[in-house]
Amino acid sequence: MNSHLPIGIFDSGVGGLTVYRALHEHLPNEHFVYLGDTARVPYGTKSLATVERYAVENARFLAAHGIKLLVVACNTASALALPAIRSELNIDVVGVIGPGARAAVKTQRAGRARTQAIGVVATESTVQSGAYTAAIKKADANATVVERACPLFVPLAEEGWTDNDVVRMIAETYLQDVRASIDTLVLGCTHYPILREVIQQTVGDSVQLIDSGEATAVEVKSLLKEKDLARLTMPTGALERQLCDDLDHFYVTDAAERFSRVAERFLGSKPSRLEAVEIWGEDRLRA
Ligand code: DGL
């Protein structure tokens, strides 16, 4: 495995760019291939079988591009489809649930004496799966967890409604009955870091927010080091330059123009190289 190969990232759409941004910040030498499954978003309301199928198709597409590691940026796909993806690929696959859960337990332990619960906000399917509760309890068997589905946060983030009365009212409605019982809150959906400020204002400053994407970037950095896969130098030889041309590549399965527009809101600039692709046609023909 060559350390100059890119890291693959997929999400159900544009939200995974918050995870891409964190990875990019923590790993400035690495380069990335991102797939947003914009034709089939949202995953957060879909069943296990459907999310598994989509996730495996996305993973196969990225694996075919020659990646050294796959990051499943989508919380819903991480909650429902990691075993299915891992059984398909012979590279390391990192989801966002485990890192988010471990960071929450670590933060809670480092803070006040634990008398309160860890809150998790996520999509309906992630909450229904119980994946965050299981991962938090794996890291700390005595932890108490409260999960809340906040589906309306996704369109609000995409629309750029991050600071107005509508988003404040929706955040209040979702979080008013949990805030008194939590001291830590995991942002368990790709879009929620975009609404970080309003969520913090709603739950109050005493609650520590955990960004799962950020926690994932920290763990990916250690994993690459441990596996001797970190790209420490810029490419020098012809082969290395071929493996890595340094411009991150973005693929979407539909509506590239909209992705580009929303991406600008999430990243601060439009994605460099963006291409629309169809990733499931071959499988359909074979079926
Ligand atoms: N990317 C999804 C997640 O993090 C949110 C959007 C969707 O429902 O597909 O769970």
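Residues numbered from 1 in each chain as written. Predicted model: local features only at pLDDT ≥ 70, side-chain atom pairs only at ≥ 80, totals over all residues. Heavy atoms only, no water.

**Some details on the overall build of the protein chain**
Of the regular secondary structure elements, the protein chain holds 13 helices and 10 strands. Relative to the 2.2 N^0.38 estimate, which gives 19 Å for 287 residues, the radius of gyration of the protein chain is 19 Å and therefore close to what a compact globule would have. On the principal axes, the C-alpha backbone points of the protein chain span a range of 55 × 40 × 40 Å. Counting all 287 residues of the protein chain, 54% fall into the buried class. (Helix = DSSP H or I, 4+ residues; strand = E, 2+ residues; numbered from the N terminus. Rg over C-alpha atoms; globule rule 2.2 N^0.38 Å. Buried < 20%, exposed > 50% of the residue type's maximum accessible area, 1.4 Å probe, protein only.)

**Points about the nonpolar core**
In terms of nonpolar packing, the biggest core is built from 52 residues, with Leu17, Leu23, Phe153, Tyr192, Ile199 and Val220 touching the most fellow members. Sequence-distant contacts of isoleucine 199, that is, excluding residues within four places in its chain, are made with Phe153, Leu175, Leu185, Leu187, Tyr192 and Leu209. Core analysis: the second largest hydrophobic core is formed by 43 residues, Val72, Ile97, Ala143 and Trp280 among them. (Core = buried A, V, L, I, M, F, W, Y, C linked by side-chain atoms within 4.5 Å. Contact = heavy atoms within 4.5 Å.)

**What to know about unusual backbone geometry**
Proline 42 follows valine 41 through a cis peptide bond whose omega is 5°. Among the structural elements, proline 42 can be located in the loop between β2 (32–36) and α2 (48–63). At aspartate 228, a position not held by glycine, the phi torsion is positive, near 60°. Among the structural elements, aspartate 228 can be located in the loop between α10 (212–226) and α11 (238–243). The exposure class assigned to aspartate 228 is exposed, which follows from its relative accessible area of 67%. Even without being glycine, alanine 255 reaches a positive phi, approximately 50°. As for its position among the elements, alanine 255 is in the loop between β9 (249–252) and α12 (256–267).

**Here we look at the environment of serine 272**
Examined against the element boundaries, serine 272 turns out to sit in the loop between α12 and β10 (273–276). Here serine 272 is in contact with Leu247, Asp248 and Phe250, once residues within four sequence places are set aside. A distance of 3.1 Å separates a polar side-chain atom of serine 272 from the backbone oxygen of aspartate 248. (Polar contact = N/O pair within 3.5 Å; in protein donor to acceptor, adjacent residues only side chain to side chain.)

**Details of the packing of helix α4 (residues 97–110) against helix α6 (residues 131–139)**
One way to put it is that α4 packs onto α6 with a least axis distance of 8 Å and a crossing angle of 50°. For the element pair α4 / α6, the angle class is oblique. Handedness of the crossing formed by α4 with α6: right-handed. Residues Ile97, Ala101, Arg102, Val105 and Arg109 of α4 touch α6, and the partners they reach there are Ala131, Tyr132, Ala135, Ile136 and Ala139. Considered class by class, the residues forming the contact of α4 with α6 number eight nonpolar, no polar and two charged. (Axes fitted to C-alpha atoms, helices over the stretch in contact; angles between N-to-C directions. Parallel < 35°, antiparallel > 145°, perpendicular 65-115°, else oblique. Left-handed = near helix turned anticlockwise from the far one by under 90°. Nonpolar A, V, L, I, M, F, W, Y, C, P; charged D, E, K, R; others polar.)

**Some details on the site of the ligand**
Surrounding the ligand, one finds 13 residues, the nearest of these being Asp11, Ser12, Tyr43, Gly44 and Thr76. When isolated, the ligand has an accessible area of 290 Å², and the protein chains bury 98% of it. For the shell around the ligand, the residue count by class is five nonpolar, seven polar and one charged. (Near = heavy atom within 4 Å. Areas by Shrake-Rupley, 256 points an atom, 1.4 Å probe, with all protein chains shown as cover.)

**Considerations on α12**
Compared with the 16 Å implied by 1.5 Å per residue over 12 residues, the 15 Å span of α12 between its first and last C-alpha is a close match. Taken as a whole, α12 has its buried residues at Phe259, Ser260, Val262, Ala263 and Phe266. Tucked inside the fold, the buried residues of α12 contact α1 (17–26), β2, α7 (153–159), β9 and β10. (Expected span 1.5 Å × (residues − 1).)

**Some details on the pairing of strand β5 (residues 117–122)**
On a regular strand, each side chain points to the face opposite its neighbour's, so the side chains alternate between the two faces of the sheet. In terms of residue burial, β5 counts as a mostly covered element, since six of its six residues are buried. Of the two faces of β5, both are covered, the one formed by Ala117, Gly119 and Val121 as well as the one formed by Ile118, Val120 and Ala122. Pairing between β5 and strand β7 (residues 182–187): five bridges, direction parallel. Residue pairing for β7: valine 121 is matched across the bridge by leucine 187. Of the pairings in the sheet, the one linking β5 to strand β6 (residues 145–149) comprises five bridges and is parallel in character. Note that in β6 the partner of isoleucine 118 across the bridge is valine 145. (Pairing = 2+ DSSP bridges.)

**A few points about the sheet that holds β2**
Pairing between the strands of a sheet comes from backbone hydrogen bonds, and it takes one of two forms, parallel or antiparallel. Strands sit in the order β4-β3-β1-β2-β9-β10 across an open sheet of six strands; the sheet is parallel. The open sheet is flanked by β4 (92–95) and β10, the only strands paired with a single partner. Across this sheet, the average inter-strand angle for adjacent strands is 20°, counted without regard to direction. On the sheet, helix α3 (residues 75–88) packs against β1 (7–11), β3 (69–72) and β4 and is oriented at approximately 170° with respect to β4.

As far as function goes, none of this settles anything; it's purely spatial.
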